[in-house]
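Each chain, letter by letter, is given below.
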Amino acid sequence: VRKIVHLAALPSVARSVERPLDSHHACATGTATVLRAAHEAGARVVYAGSSSAYGDQQVLKKHEDLREAPLSPYAAAKLAGELYCRTFARVYGLPVVVVRFFNVFGPRQPADSPYSGVVAAFCRALLANRAVRIDGDGLQARDFTYVEDVVDGVLQCLDADSTGCETVNLAYGNATTVLELYERLRELLREQGAVDDVPVPQFAPPRAGDVRHSLADVTRAKERFGFVPRVGFAEGLARTFDWYRRQPRPSPRGSES
């Protein structure tokens with residue numbers, strides 16, 4: 001059986017607000033193109049969905065039965081990709097699993113882009129002894145998930161024998177605020193003796209389209225696909241920080257977020 005993991009996207013809320021048609025073309029049209037090819041090849045598909053589909057609903061944990069409420073063009077485009085997955089499953093019998101990611105982090109994420117993930121940007125800034133930039137008040141919460149655990153979950157879904165279109169969250173079910181993330185990274189910095197005196201964070205206005213709180217209910221992924229993370233947030237963060245610590249240091253130039 002042929003198998004396809006569809007990860008391609010333009011993964012940035014901010015960029016989608018600036019260029020919504022680019023997000024639609026990559027995330028929606030691109031997904032329909034992949035699904036058509038999968039159907040013609042008789043393949044099984046795992047589609048990388050996004051927790052942004054849930055929006056900012058007032059529930060403690062986001063579960064897959066919630067009605068979607070996207071807040072940005074990126075979220076809408078990723079959800080459109082999910083709808084194509086459901087439709088191809090119904091119309092063509094294509095086996096698909098939609099895995100909704102929640103703030104995946106780990107080594108090798110670019111840290112020098114305005115669209116960088118917050119973990120990568122914070123690691124690079126702290127190791128360069130630069131002030132991190134925090135958008136908003138820093139109390140926004142995320143279910144940060146280490147990439148190795150996400151890969152394990154994707155492979156479990158890929159190798160399963162489910163039919164139709166299944167949708168599951170791949171995350172830890174634990175929330176961490178941006179300020180808590182910053183303090184954890186500062187502690188890792190102190191433990192490794194990398195920098196003694198860290199500049200205080202620079203606060204900026206909240207970003208348009210950002211979700212305030214994002215926390216996953218991972219019950220369905222565990223029950224249907226046996227998803228049990230092996231690494232976890234604390235160990236994953238330490239591994240990630242250590243990887244950035246071992247990279248060549250960039251020359252000082254403004255803060256990153």
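Before reading further, recall that the structure is shown in the block above.
All figures in this text were calculated on a predicted structure; none of them were measured in a lab.

(A) Focus on the overall build of the protein. For the protein, the helix and strand inventory stands at eight helices and ten strands. Relative to the compact-globule value of 18 Å for 257 residues, the protein shows a C-alpha radius of gyration of 19 Å, a close match. For the protein, the spread of C-alpha atoms along the principal axes amounts to about 60 × 35 × 35 Å. Out of the 257 residues belonging to the protein, those deemed buried represent 48%. Relative to all contacts within the protein whose residues are 6 or more apart in sequence, the contacts with residues 24 or more apart total 85%. A total accessible area of about 12,200 Å² is found for the protein, and carbon and sulfur atoms account for 52% of it. The positive charge centre, built from 32 side chains, and the negative charge centre, built from 30, are 4 Å apart in the protein.

(B) Structural context of the packing of aromatic side chains. Following the criterion strictly, the structure yields seven aromatic pairs and no others. Taking the centre distance of 6.3 Å and the plane angle of 85 degrees together, the rings of Phe122 and Tyr182 count as edge-to-face. Taken together, the residues Phe122 in helix H4 (residues 118-127) and Tyr182 in helix H6 (residues 178-192) connect sequence positions 60 residues apart. Just as Phe122 is buried, Tyr182 falls in that class too. Site record: aromatic cluster; members linked through ring pairs are Phe105, Phe144, Tyr146 and Phe233. The ring of Tyr54 is capped by Arg100, whose NZ or CZ atom sits 4.6 Å from the centre of that ring.

(C) Local environment of the pattern of salt bridges. Applying the stated rule across the entire model yields 20 salt bridges. Asp137 serves as the salt-bridge partner of Arg212, at 2.8 Å between the closest nitrogen and oxygen. Of this pair, Arg212 sits in the loop between strand S10 (202-204) and helix H7 (219-225) while Asp137 is found in the loop between strand S5 (133-135) and strand S6 (141-142), placing the two residues 75 residues apart along the sequence. Assessed through its relative accessible area of 35%, Asp137 is described here as partly exposed. Note that Arg245 is salt-bridged to Asp242, the shortest N-O span being 2.5 Å. With Arg245 and Asp242 both in helix H8 (residues 233-245), this residue pair falls three residues apart, about one helical turn. A relative accessible area of 22% means that Asp242 is categorised as partly exposed. Via salt bridges that share partners, Glu148, Asp152, Arg230, Glu235 and Arg239 belong to a single interconnected network.

(D) Layout of a nonpolar patch on the surface. A cluster of nonpolar side chains, Val147, Val151 and Leu155, forms an exposed patch at the surface whose accessible area comes to about 210 Å². As for its placement among the helices and strands, Val151 is situated in helix H5 (residues 147-159). Owing to a relative accessible area of 41%, Val151 belongs among the partly exposed residues under this scheme.

Conventions we followed
Residues numbered from 1 in each chain as written. Predicted model: local features only at pLDDT ≥ 70, side-chain atom pairs only at ≥ 80, totals over all residues. Heavy atoms only, no water. Helix = DSSP H or I, 4+ residues; strand = E, 2+ residues; numbered from the N terminus. Rg over C-alpha atoms; globule rule 2.2 N^0.38 Å. Buried < 20%, exposed > 50% of the residue type's maximum accessible area, 1.4 Å probe, protein only. Contact = heavy atoms within 4.5 Å. Areas by Shrake-Rupley, 256 points an atom, 1.4 Å probe, with all protein chains shown as cover. Lys, Arg positive; Asp, Glu negative; His and termini not counted. Charge placed at Lys NZ, Arg CZ, Asp CG, Glu CD. Phe/Tyr/Trp six-rings, centres within 6.5 Å; stacked < 30°, edge-to-face > 60°. Lys NZ or Arg CZ within 6 Å of the ring centre and 35° of its normal. Salt bridge = Lys/Arg side-chain N within 4 Å of Asp/Glu carboxyl O. Patch = residues over 30% accessible without salt bridge, like charges linked within 9 Å, V, L, I, M, F, W, Y side chains within 5 Å.

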